[in-house]
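# Residue-level structural notes
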Amino acid sequence: MSNKAIVYSEVQQSGWGYYGVLMAGMALVGLGLIAFFYLEHTGHYVTGMNNQIVWGLPHVFAIFLIVAASGILNIGSIGTVFNNKAYQPLGRLSGLLAISCLIGGLMVLVLDLGRPDRLIIAMTHYNFKSIFAWNIILYNGFLALVGLYVWAMMDHKIQYLYKPVGFAAFFWRLVLTAGTGSIFGFLVAREAYDSAIFAPLFILISFALGLALFILISYVLFTGAQRVLSKDLLKRKRYLLALFMGAVLFFEAIFHITALYAAEHSHFEQFILSGASGYSLWFWLGHIVLGSIVPLCLLLLPWWREQVSSLLGAAALVVMGSFIQLYVIIIGGQAYPLTLFPNATVESSFFDGVIHTYTPTVWELMLGVGGVGVTLVMIMIGVKVLRFLPVSLATAASGDIE
Amino acid sequence: MKLGLVVDLDVCVGCHACAVSCKQWNTSGMSGALTDYNPYGEDPSGVWFNRVRSYEVGDYPQNKTINFPMSCMHCEQADCVDVCPTGASYKRVEDGIVLIDQDKCMGCNYCSWACPYGARELDRSTGTMKKCTLCLDRIYDERLEEVDRQPSCVITCPAHARHFGDFDDPDSNVSQLVRERGGYQLMPELGYSPTNRYLPPRVTRLIPTEDVSKKSLISSVKEWVNKMVER
């Protein structure tokens, strides 16, 4: 490991800044728990979900955090797998954030199950034909591998594991995100899905979302702890983020153009793209314009690209855009009705042939932000009690941020 | 044995008796209760194993409404079974009925995404998935008369549009009906090979809606006189 010279230390600050963020995180966890117990007490019918929209806002939060977890680990992998020394000091933090995001996402996913008390069954009974079962194995394996990876970075006694475990974690995270995307890609019955491209698309979403989240969180942690960030590293992240976003847009374009070309999917594509639904507005304004084009301008245009605020603004917009992208994929795909009788006008008393409506309730929002709260609390406690943050990332070559 | 249903679309009048009877029987059966949400409110809903869809074919005046009762098709290659992470969804080897182990289901809803027929529903009260059991607790109940060992929907249907039997037996009533009437599977192109079959509506002649019978001499004279008077 080449980051021997880097000194790490716990966050020393104990003022309102640190405890304010920690308390905010705990408050979000509290909201999530209240929502969970309310849903357990009354049943899931108090949510906006129904027989048509079976996965709602909590699932969007859960998948958002799970995809982010995988992407955030990229920062560590760039240092370990691709041997980029500038990124190696951030490996520990990358591991902490990845574990925190995954646990936050899984918490939402599990607590929104019809029977969350049967989690033990999911852990002990596997149907290996199910991509969902494979995902359970992948999530557990990810936690174990990244835990070992972080340990290898922090404990000199097992430093020999740093490289092999780092490689294993990198490949595991690629498979994990491919598995998450395949949850949708394997859905043959739905017009919106049934495509192999969901696996690479989700991997690329994780690259962009994970990096954007890492930029934001690491900036807050470093400045909050009054530590020095490397300008050179921020510049590298800027171009990397732009590259990832370009790749997401490319795969998204391929996905939609291919689907438009296939007659069986074209009606759904018109529904999502043509402005016939509210999802079109979310897609074009939220994901494409605000979540992709504006950040790309902030990252690449010469007027803004040198400013740190532009990078932070772009990262925040990418995070928002990725959330909206997942919302459109998950909710928009279910809102389009099943085609049971092609070329016929279908009627029934239970919403056949009509675009399904979904309005998330406050309980779903509370459960979702509860997962974000868990992530936040884990990060804040992690950097306080263990040596995750480098004392300084300053390099002599660049004028660094104090 | 491959047990399943045949539904005759030619005689189904869409009365929903099958759906109501199914709900009544199964709400106290092995998968019960089939919970109702807000049953006395403005927007009641609930869990149903069997729902009657309707669609129009043809253009006016050659159009016709087809009532299409749908429940679990008990597919031979059931995707809901393949996607279930815990194996709670399973297909019985002995009779081909697709069931959900209510003690293993954790209510993740993934099977309802995978089912192309919309046959699976989350019971938001029990937190588990529910679906048609082909009235398993009825068809094997030897305390009942043999004629009553049929799914509740089949016994109830006033138009005798529903039939139950073994598709593996070429001489069974369902096999004969499918053979004689061209019984078909819904969306066979997906490859799930649903067991349930539908008998297509027979081609019927258009019934004239205007009076085209030959006029009598008196009515022709009256018509001529009226025309003259109007001038």
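Treat the numbers as computed from the prediction; the structure is a model and nothing was measured.

Of regular secondary structure, chain B possesses 7 helices and 11 strands. Against the compact-globule benchmark of 17 Å for 231 residues, chain B has a radius of gyration of 23 Å, which places it well outside the compact range. On the principal axes, the C-alpha backbone points of chain B span a range of 85 × 50 × 40 Å. Here chain B, with 231 residues, has 43% of them falling under the buried criterion. When contacts within chain B are restricted to residue pairs at least 6 apart in sequence, long-range pairs at least 24 apart make up 56% of them.

Moving on, we come to the overall build of chain A. For chain A, the count of helices and strands is 12 helices and 3 strands. In terms of C-alpha radius of gyration, chain A reaches 22 Å, essentially the compact-globule figure of 21 Å for 402 residues. If one aligns the C-alpha atoms of chain A with their principal axes, the spans along those axes are about 70 × 50 × 40 Å.

Attention now goes to the packing of helix H3 (residues 91-111) of chain A against helix H12 (residues 362-385) of chain A. Residues and elements named next belong to chain A. Following both chains from N to C, one finds H3 and H12 inclined at 150°, their axes separated by 8 Å at the closest point. Classed by the angle they form, the pair H3 and H12 counts as roughly antiparallel. Relative to H12, H3 is oriented so that their crossing is right-handed. Here H3 contributes Leu96, Leu97, Ser100, Cys101, Ile103, Gly104, Gly105, Met107, Val108 and Leu111 to the contact with H12, which in turn contributes Leu367, Gly368, Gly370, Gly371, Val372, Val374, Thr375, Met378, Ile379 and Gly382. Here the residues of the contact of H3 with H12 are counted per class, giving 12 nonpolar, 8 polar and no charged.

In this section: unusual backbone geometry. Cis geometry is found at the peptide bond from B:Gly32 to B:Ala33, where omega equals 0°. By the element assignment, B:Ala33 lies in the loop between helix H1 (17-26) and strand E2 (36-37). Of note in the backbone geometry, A:Asn83 takes a positive phi value of approximately 55° without being a glycine. Locating A:Asn83 in the fold gives a position in the loop between helix H2 (57-80) and H3.

The subject of this paragraph is the interface of chain A and chain B. Counting residues at the interface gives 33 residues for chain A, matched by 33 residues for chain B. When contributions to the side of chain A that touches chain B are tallied by element, the ones reaching two or more residues are helix H4 (119-124), helix H5 (131-154) and strand E2 (345-347) of chain A. Residue classes in the side of chain A that touches chain B are distributed as 18 nonpolar, 9 polar and 6 charged.

Residue and element names in this part refer to chain B. Tracing the backbone shows Leu177 in helix H6 (residues 173-181). For the pair formed by Leu177 and Leu144, sequence separation is 33 residues and the distance between their alpha carbons is 26 Å. Setting aside residues up to four positions removed in sequence, Leu177 forms contacts with Val6, His163, Gly183 and Leu199.

Now for the pairing of strand E10 (residues 162-166) of chain B. All names here are of chain B. With 4 of its 5 residues buried, E10 lies for the most part within the structure. Taken together, the 5 bridges between strand E1 (residues 3-8) and E10 define a ladder with antiparallel strand orientation. Paired with Leu5 across the bridge in E10 is Phe164.

Turning our eyes to something else, we now look at the environment of A:Thr177. Residues and elements named next belong to chain A. Relative to the helices and strands, Thr177 resides in helix H6 (residues 162-185). For Thr177, a count of 27 C-beta atoms within 10 Å translates into the label buried. Considering only alpha carbons, one finds Thr177 and Ile78, 99 residues apart in sequence, at a separation of 17 Å. Apart from the residues lying within four places of it in its own chain, the contact partners of Thr177 are Val67, Ser70, Phe202, Ile203 and Ser206.

With that out of the way, let us pick up the sheet that holds E10(B). All names here are of chain B. Taking strand neighbours across the sheet as the criterion, the 3 strands line up as E10-E1-E11 in an open arrangement whose pairing is mixed. Edge positions in the sheet fall to E10 and strand E11 (197-199), since each has one partner strand and no second. On average, each strand axis in the sheet is tilted by 25° relative to the strand beside it, whichever way the strands run. Summarising the sheet, E1 and E11 pair through 3 bridges and their orientation is parallel. Following the sheet pairing, Val6 is matched in E11 by Arg197.

Look at helix H7 (residues 217-230) of chain B: 20 Å from first C-alpha to last across 14 residues, which is about the 20 Å you get at 1.5 Å a residue. Little of H7(B) is tucked away, with 0 of its 14 residues classed as buried.

Moving on: the nonpolar core. Residues and elements named next belong to chain A. Formed by 178 residues in total, the largest nonpolar core has its most connected members in Ile72, Ala208, Ala212, Leu241 and Val318. Tallying contributions element by element places helix H7 (residues 198-224) first for this core, with 17 residues. In contact with Val318, other than residues within four places in its own chain, are Ala208, Leu209, Ala212, Leu241, Met245, Gly291 and Pro295.

Glancing now at the packing of H7(A) against helix H11 (residues 308-335) of chain A. Residues and elements named next belong to chain A. Where H7 contacts H11, the two axes come as close as 9 Å, and the packing angle between them is 135°. If you check the angle between H7 and H11, you find them oblique. Viewed along their axes, H7 and H11 form a crossing whose handedness is left-handed. Residues Ile205, Ala208, Leu209, Ala212, Leu213, Ile215, Leu216 and Tyr219 of H7 lie in contact with H11, whose contacting residues are Leu311, Leu312, Ala315, Ala316, Val318, Val319, Ser322 and Gln325.

Along H1(B), the residues classified as buried are B:Cys18, B:Ala19, B:Cys22, B:Lys23, B:Trp25 and B:Asn26. One face of H1(B) carries all of its buried residues, which in axial projection span an arc of 170°.

We now examine the pairing of strand E4 (residues 51-57) of chain B. In this structure, E4(B) lies alongside strand E5 (residues 64-70) of chain B, joined through 7 bridges in antiparallel fashion. Each bridged residue has a counterpart across the sheet, and for B:Tyr55 the counterpart in E5(B) is B:Ile66.

Moving on, we get to the environment of A:Gly20. Residue and element names in this part refer to chain A. Here Gly20 shows up in helix H1 (residues 16-42). The class for Gly20 is exposed, based on 10 C-beta atoms found within 10 Å. For the pair Gly20 and Leu317, spaced 297 residues apart in sequence, the C-alpha to C-alpha distance is 24 Å.

So, how was this worked out
- Residues numbered from 1 in each chain as written.
- Chains lettered and ligands numbered in written order.
- Predicted model: local features only at pLDDT ≥ 70, side-chain atom pairs only at ≥ 80, totals over all residues.
- Helix = DSSP H or I, 4+ residues; strand = E, 2+ residues; numbered from the N terminus.
- Rg over C-alpha atoms; globule rule 2.2 N^0.38 Å.
- Buried ≥ 20, exposed ≤ 12 C-beta atoms within 10 Å, placed from the backbone.
- Contact = placed C-beta atoms within 7 Å.
- Axes fitted to C-alpha atoms, helices over the stretch in contact; angles between N-to-C directions.
- Parallel < 35°, antiparallel > 145°, perpendicular 65-115°, else oblique.
- Left-handed = near helix turned anticlockwise from the far one by under 90°.
- Nonpolar A, V, L, I, M, F, W, Y, C, P; charged D, E, K, R; others polar.
- Pairing = 2+ DSSP bridges.
- Expected span 1.5 Å × (residues − 1).
- Core = buried A, V, L, I, M, F, W, Y, C linked by C-beta atoms within 7 Å.
- Arc of directions from axis to C-beta.

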